[in-house]
Amino acid sequence: MSASLSIIIPAYNEAVRLGKSLPAILIYLKEQAPGAELIVVDDGSTDNTAEAARQALSHAKNVRTSVISYQSNLGKGRAVRLGLFASRGDVALFSDADLSTPIKETQKLVEPILRGECDLTFGSRALDRSLIGVHQPWRREQGGRVFNLVVRLATGLPFWDTQCGFKAFRMGVCRPIIEGATIDRFGFDVELLYVAARAGLRVKEVPVRWDHYEGSKVNVLSDSFKMLSEVGLIRQQARRGVYDKAIKAVHELIGR
């Protein structure tokens, strides 16, 4: 990788998982992206997530590391944006703390950006389901399919899996989109993709390997309604011009 890379890990009560995932990320970066940056954002955890992260990162070599921690649980979307704001890489990627998408899949998202083909890339479980090793429980998987169908109908986005927690950004042009985003919880992925597409950025859905791990913070029944509500909010805000400033800023950056 010829450009600088930042990896952001949003974490809420993930002390146990970080003890395993952060060393794996550090090994990968040492081999594939020396000089990269790894940022953990502790989203108001009630366990010792921040301390576990600091301990796991304490022996990092050739990788810049930092832990952002605050007391209130603000939501995954806010945690991701705070990590992206703090990043210094030309390309920034966020990943779920459990590494359900293996960190070795990073190059699938980063290389199209480095080649100048894309501005925002994101992992997908839907494009090639043979890459899924361990599936989610049937009800959760079907719920995800229904949600993404609703997203396609409501937003006009052509993508089949907006919720995979593995997305990369060319920060030079994506920063206004991140700054203009408002959704802090479940619908934040959809908002970022929607505004990026509206702004004319090159967005690509990429099939990645993926495994389900127990311990998801999402409740299929109650949270599905919240996610759908946030998709509706995105449409309302688009009509009210909430995203116009961010879209204009992107147009100025890309010369439209």
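Residues numbered from 1 in each chain as written. Predicted model: local features only at pLDDT ≥ 70, side-chain atom pairs only at ≥ 80, totals over all residues. Heavy atoms only, no water.

## Details of the environment of Leu 109
Short version of the rule: Counting from the N terminus, the helices are DSSP H or I runs at least four residues long and the strands are E runs at least two residues long. The contact definition used throughout considers only heavy atoms, calling two residues in contact when any of these lie within 4.5 Å.
Among the secondary structure elements, Leu 109 is positioned in helix 4 (residues 106-114). Spatially, the C-alpha atom of Leu 109 lies 9.9 Å from that of Val 91, the residues being 18 residues apart in sequence. The residues touching Leu 109, leaving out its near neighbours within four places in the chain, are Leu 93, Thr 121, Phe 122, Gly 123, Phe 166, Lys 167, Ala 168, Val 206 and Val 208.

## What to know about the state of the cysteines
We count it as follows: Two cysteine sulfurs form what is called a disulfide whenever their separation falls within 2.5 Å. The classification of residues rests on relative accessible area computed with a 1.4 Å probe and restricted to protein chains. Under 20% of the type maximum is buried, over 50% is exposed, and intermediate values are partly exposed.
Enumeration over the complete set of coordinates arrives at 0 disulfides. Free of any disulfide, Cys 164 has its nearest neighbouring cysteine sulfur in Cys 118, separated by 16 Å. Residue classification places Cys 164 among the buried residues on the basis of a relative accessible area of 1%.

## Quick notes on a nonpolar patch on the surface
Stated formally: Here the term patch refers to residues with relative accessible area over 30% and no salt bridge, with like charges joined within 9 Å and nonpolar side chains (Val, Leu, Ile, Met, Phe, Trp, Tyr) within 5 Å. Every accessible area reported is derived by Shrake-Rupley at a probe size of 1.4 Å, with residue values counting cover from the shown protein chains alone. Each salt bridge in this description consists of a side-chain nitrogen of Lys or Arg and a carboxyl oxygen of Asp or Glu lying within 4 Å of one another.
On the surface, a nonpolar cluster with roughly 430 Å² of combined accessible area is contributed by Leu 127, Leu 149, Leu 153 and Trp 160. The residue Leu 149 is located in helix 5 (residues 138-155) in this model.

## Description of the side chain of Asp 161
Counted only if it meets this: Here a polar contact is recorded for every N or O atom pair within 3.5 Å, except that within protein the pair must consist of a potential hydrogen donor and a potential acceptor, and residues adjacent in sequence are included only if both atoms are side-chain atoms.
Here Asp 161 lies in the loop between helix 5 and strand 6 (166-170). We classify Asp 161 as buried; its relative accessible area is 3%. Polar side-chain contacts of Asp 161 include one of 3.3 Å to the backbone nitrogen of Gln 163. When residues no more than four places from it in sequence are discounted, the contact partners of Asp 161 are Phe 122, Gly 123, Ser 124, Arg 125, Ala 126, Asn 148 and Glu 205.

## Notes on the pairing of strand 6
Within a regular strand, the side chains alternate between the two sheet faces. What counts here: Strands were regarded as paired on the criterion that DSSP finds at least two bridges between them.
In terms of burial, strand 6 is a largely internal element, 4 of the 5 residues being buried. Here 5 bridges tie strand 4 (residues 91-95) to strand 6, and the two strands are oriented antiparallel to one another. Pairing of Phe 94 across the sheet is with Lys 167, part of strand 6. With 3 bridges connecting them, strand 5 (residues 120-124) and strand 6 associate as antiparallel partners. Across the sheet, the residue bridging to Leu 120 is Phe 169, located in strand 6.

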